[in-house]
Amino acid sequence: MKVDTARKIDRLAGIPLTFLMTLLLWPFSRGTRPKPKRILFVELSEMGSTILADPAMRKARTAFDAELFFVIFKRNVASLDLLGTIPRENICTIREDGLFALAFDTLKFVLWCRRKKIETAVDLELFSRVSALLTGASGAANRVGYYRFHNEGLYRGEMLTHRVAYNPHIHISKNFIALINALMSPKPEVPYSKTYIGDDEIILPRLVPGGHEIQVIEQRIAAAYPPFQAGRQRIVLLNANASGLLPQRRWPMDNFATLGRRILERWDDTVILITGSPDEAEGAEDLRNRIGHARTANFAGRSTLADLPLLYSASTLMVSNDSGPAHFASVTDMPTIVLFGPETPALYAPLGRGTAITAGLACSPCVSATNHRKTACTDPVCMTAILPERVLEAVAAILDGRS
């Protein structure tokens, strides 16, 4: 389903449906709240958000000794396997490749929640009425999520028992933890959550692969680039992709190509791998041809999402658009250089060893919780204004051991 189509359905159908769901839940919105023991997290569309929400999920599990569940779009489910915080049997997937599939899987979700006896639902979404409807339809007595109060924002019904103020001035991972703090509050608050959240609460666990696993990924690298010499050559990853949800996040291909050539010319022990999914292999091949250097290989489609931590652990650094792979790399010690434009790193910087680069334009960031992440911009100067020379400086700091 196209992004604009999904937004239109969310607006035209979502507003009346969230109003009706509010009326249905109103008689059951009073009374005592059960202690959270079976907590459902609702996050559908962004794969990187499953990584950013992991500290909040682990806090919920520890604070309440709770069993965790998750509902997500089927195409994004592999992102939950990276850290394994949610067992696969506790994940419900919903297809979005058609209205019938969406409606059918939603009905299955409602029945699944009853079988799992979900009593607490945490809506991690900011931009979707669908997630609000799923939270209400879960049957949970505790329903936690972001509420607009007197701010600009989307109407998402009045279904929440714990209304949390979304704060656009702190990192999204801290906003996610605020949802759990709302559940932990000893008394009702307006708004939730009047708590301090320190940087120590948003630290991700690191995945450290064994030597045999590294050898396996090095063999795959050698298959893509036969002259590769493990231990003698350093791998630089280029991730030039970004989801269709916000294509303005993409740094120009010519800039990636210029950067790649200069890296290879300056450091003769480097090899560039261009990463991506199987669907992105054609674009990766185009970038390889633009770089036009022998020490460049198309690695798109040669590893599954679950294998990415192995690739990152075997690599020296990655330059990436603001997209899922930058967050997936956060579970390893590999440094990343992440290019931001329509979004801001103040909210969405990866939680790992990341360096964020922005052009600092007056119009950036242009997407937010209040505009459904839709921008009127047709000329993303915020990305084109980031010059390859500036990114090369950040690369040099890592390759020369100054960072």
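See the structure shown above.
Below or above, wherever it landed, is the structure these notes cover. These numbers come from a predicted model, not from an experiment.

Bringing the pairing of strand β1 (residues 38–42) into the picture now. The two faces of a sheet get side chains in turn, since along a regular strand they alternate between them. The buried fraction of β1 is high, at four of five residues. As paired strands, β1 and strand β2 (residues 67–73) are joined by five bridges and run parallel to one another. Within β2, the residue paired with I39 across the bridge is L68. Where β1 meets strand β4 (residues 120–123), four bridges bridge the pair, whose relative direction is parallel. Bridge pairing in β4 places F41 opposite V122.

Attention now moves to empty space enclosed by the protein. Regions of empty space are outlined by a rolling probe, equal in size to a water molecule, passed over the atoms. Tallying each qualifying case throughout the model produces one cavity of 30 Å³ or more. The volume enclosed by the largest cavity comes to roughly 50 Å³. Taken together, T50, I51, D54, M57, S79, L80, L83, T85 and I86 make up the lining of the largest cavity. Looking at the lining of the largest cavity, the elements that each hand over two or more residues are α3 (47–52) and α4 (54–64).

With that settled, the discussion passes to the packing of aromatic side chains. By the definition in use, this model includes six aromatic pairs. Taken together, a centroid distance of 5.9 Å and an interplanar angle of 80° make the contact between F69 and W112 edge-to-face. Highlighted residues: F69 in strand β2 and W112 in helix α5 (residues 99–116), separated in sequence by 43 residues. For F69, a relative accessible area of 0% gives the class buried. A residue is classified by how much of its surface remains accessible, and W112, at 8% relative accessible area, is buried. Taking 6.2 Å as the distance between ring centres and 15° as the angle between the ring planes, the aromatic pair formed by F100 and F104 counts as stacked. One end of the pair, F100, and the other, F104, are both in helix α5, four residues apart, so they sit about a helical turn from each other. With a relative accessible area of 70%, F100 lands in the exposed category. Overall, F104 belongs to the partly exposed group, its relative accessible area being 39%. An aromatic cluster is present here, built from F69, F109 and W112 joined pairwise through their rings.

In this section: the packing of helix α2 (residues 14–25) against helix α6 (residues 129–137). Two elements in contact, α2 and α6, have axes whose closest approach is 10 Å; the angle formed by their N-to-C orientations is 20°. With respect to their mutual orientation, α2 and α6 come out roughly parallel. Considering how the two elements wind past one another, α2 and α6 form a crossing that is left-handed. Across the interface between the two elements, G14, I15, L17, T18, M21 and L25 of α2 pack against R129, L133, G136 and A137 of α6.

Here we take up the sheet that holds strand β5 (residues 142–147). Judged by pairing direction, the sheet is parallel, and its six strands sit side by side in the order β3-β2-β1-β4-β5-β6 without closing on themselves. A single partner strand is all that each edge strand has here, and the edge strands are β3 (91–94) and β6 (162–165). Across the sheet, the axes of successive neighbouring strands diverge by a mean angle of 20°, strand direction being ignored. As defined by bridge partners, β5 adjoins β6 across four bridges and the pair is classed as parallel. Paired with Y147 across the strands is A165, a residue of β6. In the packing of α5 onto the sheet, the strands contacted are β1, β2 and β3, and the crossing angle to β3 comes to about 165°.

Before going further, it helps to examine the pattern of salt bridges. By the definition in use, this model includes 19 salt bridges. A salt bridge links E158 to R163, with the nearest nitrogen and oxygen atoms 3.0 Å apart. Residue classification places E158 among the partly exposed residues on the basis of a relative accessible area of 26%. Judged by relative accessible area, R163 falls into the partly exposed class, the value being 27%. D199 is paired through a salt bridge with K174; the nearest N and O atoms lie 2.6 Å apart. Of this pair, D199 sits in the loop between α7 (172–184) and α8 (211–224) while K174 sits in helix α7; the two residues are 25 residues apart in sequence, bridging distant segments of the chain. Judged by its relative accessible area of 55%, D199 is exposed. According to the relative accessible area criterion, K174 is buried, its value standing at 13%. The network of salt bridges with shared partners includes R95, D105 and K108.

Calculation rules
Residues numbered from 1 in each chain as written. Predicted model: local features only at pLDDT ≥ 70, side-chain atom pairs only at ≥ 80, totals over all residues. Heavy atoms only, no water. Buried < 20%, exposed > 50% of the residue type's maximum accessible area, 1.4 Å probe, protein only. Helix = DSSP H or I, 4+ residues; strand = E, 2+ residues; numbered from the N terminus. Pairing = 2+ DSSP bridges. 1 Å grid on protein atoms, 1.4 Å probe; cavity = no way out; pocket = protein on both sides within 12 Å on 5 of 7 lines; lining within 4 Å. Points joined across faces, edges and corners; volume = space filled by probe spheres on them. Phe/Tyr/Trp six-rings, centres within 6.5 Å; stacked < 30°, edge-to-face > 60°. Axes fitted to C-alpha atoms, helices over the stretch in contact; angles between N-to-C directions. Parallel < 35°, antiparallel > 145°, perpendicular 65-115°, else oblique. Left-handed = near helix turned anticlockwise from the far one by under 90°. Contact = heavy atoms within 4.5 Å. Salt bridge = Lys/Arg side-chain N within 4 Å of Asp/Glu carboxyl O.

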